[in-house]
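An overview of the molecular structure
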Amino acid sequence: MPTDRQDAGPSRDARSPDSRTLGELLVAFVNRVSHPRGRALVFLSKAGITVDQAILLNFAQDNPGSTPSSLAAMMNLSLPSVSQMLDRLFKLELVRRTEDPADRRRKTIDVTAKAKRFLAGFREVRSAEFIAGTAALSPATRKALTEAIRAAVEELSTSGQDPADPS
């Protein structure tokens, strides 16, 4: 019996030509509208935070009470790498480690209010970069792009697919 992924057809296959083309287009789009301005990277640099650490903070914020192991699995990184990032974020007072009362060896990770402010500022900077980068598009293209991205985000939100698992 076919699985849902098999039923989805070739457009859902990350190795299909359509998916490769979409991937290439998305990379070209992000490179053109965001990276040349560099504001997001400057924001991270001023905060002393790497891109990987910002991604880790986002995962921790979206998954309160995660463990270092679960965060490592979500990011497809080794536990030592994630532990090192968490140590740095802890020193910056961006994450809080809490001991599980049922198992003192188990630590959960939560973002602090300072991290929430940082992430909100980072989202604002990134959003402003994309707005500036797409300002030259015609109103019709901007509208079509907005509708396509909205539909994609909604579909991805309800698909149940693990975003870390492209298969």
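Everything here concerns the structure above.
Residues numbered from 1 in each chain as written. Predicted model: local features only at pLDDT ≥ 70, side-chain atom pairs only at ≥ 80, totals over all residues. Heavy atoms only, no water.

Looking now at the pattern of salt bridges. Inspection of every chain in the model, using the stated rule, returns five salt bridges. D103 serves as the salt-bridge partner of R105, at 3.1 Å between the closest nitrogen and oxygen. For D103, a relative accessible area of 26% puts it in the partly exposed group. Connected through shared salt-bridge partners, E99, R104 and K107 make up one network. (Salt bridge = Lys/Arg side-chain N within 4 Å of Asp/Glu carboxyl O. Buried < 20%, exposed > 50% of the residue type's maximum accessible area, 1.4 Å probe, protein only.)

The subject of this paragraph is the environment of L119. Inspection of the secondary structure assignment puts L119 in helix 7 (residues 113-133). A relative accessible area of 1% places L119 in the buried class. For the pair L119 and L57, spaced 62 residues apart in sequence, the C-alpha to C-alpha distance is 7.8 Å. Ignoring sequence-local partners within four residues, the contact set of L119 consists of A54, L57, N58 and Q61. (Helix = DSSP H or I, 4+ residues; strand = E, 2+ residues; numbered from the N terminus. Contact = heavy atoms within 4.5 Å.)

Turning our attention to helix 5 (residues 68-75). Burial in helix 5 covers these residues: P68, L71, A72 and M75. Buried residues along helix 5 cover an arc of 100 degrees about the axis, so they all sit on one side. Against the buried residues of helix 5 lie helix 4 (51-62), helix 6 (79-91) and strand 2 (103-111). Just beyond helix 5, the residue with positive phi is N76, at close to 55 degrees. (Arc of directions from axis to C-beta.)

In this section: a nonpolar patch on the surface. Among the surface-exposed residues, L41, V51 and I55 lie close enough to one another that they form a single nonpolar patch of about 250 Å² accessible area. You can see V51 is positioned in helix 4. (Patch = residues over 30% accessible without salt bridge, like charges linked within 9 Å, V, L, I, M, F, W, Y side chains within 5 Å. Areas by Shrake-Rupley, 256 points an atom, 1.4 Å probe, with all protein chains shown as cover.)

Right, let's talk about the side chain of T108 for a bit. You can see T108 is positioned in strand 2. Excluding its chain neighbours within four sequence positions, the residues that come into contact with T108 are G65, S66, R96, R97 and T98.

It is worth spelling out the packing of aromatic side chains at this point. Following the criterion strictly, the structure yields three aromatic pairs and no others. Centre to centre, the rings of F43 and F118 are 5.4 Å apart; their planes meet at 25 degrees, and the pair counts as stacked. In this pair, F43 is assigned in helix 3 (residues 39-47) and F118 in helix 7, connecting sequence segments 75 residues apart. For F43, a relative accessible area of 26% translates into the label partly exposed. The lysine or arginine in question, R97, covers the ring of F90, its NZ or CZ lying 4.5 Å from the ring centre. (Phe/Tyr/Trp six-rings, centres within 6.5 Å; stacked < 30°, edge-to-face > 60°. Lys NZ or Arg CZ within 6 Å of the ring centre and 35° of its normal.)

Before going further, it helps to spend a moment on the packing of helix 5 against helix 6. Orientation of helix 5 relative to helix 6, taken along the N-to-C sense of each, is 115 degrees, at an axis distance of 9 Å. Between helix 5 and helix 6, the angle falls in the class roughly perpendicular. Between helix 5 and helix 6 the crossing geometry is right-handed. Between helix 5 and helix 6, the residues in contact are P68, S69, L71, A72 and M75 and L79, V82, M85 and L86, respectively. (Axes fitted to C-alpha atoms, helices over the stretch in contact; angles between N-to-C directions. Parallel < 35°, antiparallel > 145°, perpendicular 65-115°, else oblique. Left-handed = near helix turned anticlockwise from the far one by under 90°.)

The next thing to look at is the packing of helix 4 against helix 5. Between helix 4 and helix 5, the least distance of the axes is 10 Å, while the angle of their chain directions is 115 degrees. Where helix 4 crosses over helix 5, the handedness of that crossing is right-handed. Contacts between helix 4 and helix 5 involve D52, I55, L56, F59 and A60 from the former and L71, M74 and M75 from the latter. Each residue belonging to the contact of helix 4 with helix 5 can be placed in one class, and the counts come to seven nonpolar, no polar and one charged. (Nonpolar A, V, L, I, M, F, W, Y, C, P; charged D, E, K, R; others polar.)

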